[in-house]
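As a plain string of letters, each chain reads:
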Amino acid sequence: MPVEVFDVDKFAQLSEKAEYCDVKRLKNVVKLKLRTTRTLYTLKVEPTRTDEVLKKLKCETREV
């Protein structure tokens, strides 16, 4: 079951253990999904802040 994270810094910290990060762009929000060996972590971000958050991540990013 996915776990939603609301803090960008915690999400960046979790990205160190992640295999990859999926980026799903919708109309009003961008969903970032981190896949670790056990859990899927999600973060919803405004489209204007997406690039700022992606720079903090330490794993491979994929556009979905």
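Summary of the structure given here. (Residues numbered from 1 in each chain as written. Predicted model: local features only at pLDDT ≥ 70, side-chain atom pairs only at ≥ 80, totals over all residues. Heavy atoms only, no water.)

## Some details on the nonpolar core
Spelled out, the test is: Among the buried residues, those of types Ala, Val, Leu, Ile, Met, Phe, Trp, Tyr and Cys that are joined through side-chain atoms within 4.5 Å form a nonpolar core. The cut-offs for exposure are 20% and 50% of the maximum accessible area for each residue type, with area from a 1.4 Å probe on protein chains only; residues under the lower value are buried, those over the upper are exposed, and the others partly exposed. Numbering of helices and strands runs from the N terminus; a helix is a DSSP stretch of H or I covering at least four residues, while a strand is a stretch of E covering at least two. We call two residues in contact when some of their heavy atoms are within 4.5 Å.
In this structure, F11, C21, L32, L34, Y41, L43 and V53 are the most contacted members of the largest nonpolar core, which totals 16 residues. Elements with a contribution of two residues or more to this core: helix 1 (8-14), strand 2 (20-25), strand 3 (30-35) and strand 4 (40-45). Not counting the four nearest positions on each side in its chain, L43 is found in contact with V5, F6, V8, F11, V30, K31, L32 and V53.

## Topic: the packing of aromatic side chains
Just so we agree on the cut-off: Pairing of aromatic side chains here covers Phe, Tyr and the six-membered ring of Trp, requires ring centres within 6.5 Å, and sorts the geometry by plane angle: under 30 degrees stacked, over 60 edge-to-face, intermediate tilted. Put simply, a charge is over a ring when the Lys NZ or the Arg CZ is close to the ring centre, within 6 Å, and near the line of the ring normal, within 35 degrees.
With the rule as written, the count across this model stands at zero aromatic pairs. Sitting over the face of the ring of Y20, R62 holds its NZ or CZ atom 3.7 Å from the ring centroid.

## A look at the sheet that holds strand 1 (residues 3-4)
Basically, it comes down to this: Strands are labelled as partners when DSSP assigns at least two bridges between them.
Spatially, the five strands line up as an open sheet ordered 1-4-3-2-5, and their pairing is mixed. Of all strands in the sheet, those with a lone pairing partner are strand 1 and strand 5 (60-63), marking the two edges.

## Quick word on the environment of K44
With respect to the helices, strands and loops of the structure, K44 is situated in strand 4. With 38 residues separating them along the chain, K44 and F6 place their C-alpha atoms 7.6 Å apart. Other than its neighbours up to four places away in sequence, K44 contacts E4, V29, V30 and K31.

By themselves, these observations are geometric and do not establish any function.
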